[in-house]
Amino acid sequence: MARRELSAAVHDARGGGEPVRAIAERTGLDAMTIRNILAVPPATPPGHGPG
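Procedures and definitions
- Residue numbering note: each chain is counted from 1, following its sequence as written.
- Whole-chain, interface and lining totals are the exception, using all residues; otherwise, since this is a predicted model, local features are given only for residues with pLDDT of at least 70 and side-chain atom pairs are given and counted only at 80 or more.
- Only hydrogens and water are removed before side-chain values are computed, so all heavy atoms of the structure are retained for them.
- Think of it this way: any DSSP run of H or I at least four residues long counts as a helix, any run of E at least two long counts as a strand, and we number them from the N terminus.
- Buried residues are those whose accessible area, probed at 1.4 Å on protein chains only, stays under 20% of the maximum for their type, while exposed residues exceed 50% and partly exposed ones sit between those limits.
- Working definition of accessibility: Shrake-Rupley area with a 1.4 Å probe, residue cover restricted to the visible protein chains.
- Under this scheme, a helix contributes an axis fitted over its contacting stretch, all axes are lines through C-alpha atoms, and angles between N-to-C directions fall in the 0 to 180 degree range.
- An angle below 35 degrees is read as roughly parallel, one above 145 as roughly antiparallel, one from 65 to 115 as roughly perpendicular, and any other as oblique.
- By definition in these notes, contact holds between two residues if any of their heavy atoms fall within 4.5 Å.
- The directions considered for the arc run from the helix axis to the C-beta atoms.
- When residue character is reported, Ala, Val, Leu, Ile, Met, Phe, Trp, Tyr, Cys and Pro are called nonpolar, Asp, Glu, Lys and Arg charged, and the others, Gly included, polar.

Can you help me understand the overall build of the protein chain in this one?
A count of helices and strands for the protein chain gives three helices and zero strands. The order of helices and strands in the protein chain, counted from the N terminus, is α-α-α. Taking all 51 residues of the protein chain together, the buried fraction comes to 18%. Entry remark: accessible area of the protein chain is about 4,000 Å², with carbon and sulfur atoms responsible for 56%.

So, in structure tokens, the structure goes:
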């Protein structure tokens, strides 16, 4: 569960215009990890996806 929350927070921060470097510094992760998180679309809650 914590991974999903981190991923959602990273996507929200980036969507809000925060630079990758700032997100990395705030989370304690490196910029490459932040970019990898951003490369994967955020998970959709069950029942909210296509279908």
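From this point, the narrative continues.
What is the right way to read the packing of helix 2 (residues 20–27) against helix 3 (residues 31–39) from this model?
Axis angle and axis distance: for two packed helices, these are the angle between their axes and the distance between the axes, and together they describe the pair. Contact geometry of helix 2 with helix 3 gives a least axis separation of 8 Å together with a crossing angle of 110°. As summarised for this structure, helix 2 and helix 3 are arranged roughly perpendicular, according to the angle between their axes. Residue-level contacts link Val20, Ile23, Ala24 and Thr27 of helix 2 to Ala31, Ile34, Arg35 and Leu38 of helix 3.

I keep staring at helix 2 and nothing clicks. Help me out?
Think of an α-helix as turning once every 3.6 residues; residues three or four places apart then point the same way. Those residues of helix 2 lying buried are Val20, Ile23 and Ala24. Axial view of helix 2: buried residues confined to an arc of 100°, hence all on one face. Of the residues in helix 2, the exposed ones pointing more than 90 degrees away from the buried face are Arg21, Glu25 and Arg26. In this fold, the buried residues of helix 2 make contact with helix 1 (2–15) and helix 3.

Sorry if this is basic, but what is going on with the packing of helix 1 against helix 3 here?
Where helix 1 contacts helix 3, the axes come no closer than 10 Å and their chain directions differ by 95°. In terms of axis orientation, helix 1 runs roughly perpendicular to helix 3. Of the residues in helix 3, those touching helix 1 at Leu6, Ser7, Val10, His11 and Arg14 are Ile34, Ile37 and Leu38. Looking at the contact of helix 1 with helix 3 residue by residue, the classes come out as five nonpolar, two polar and one charged.

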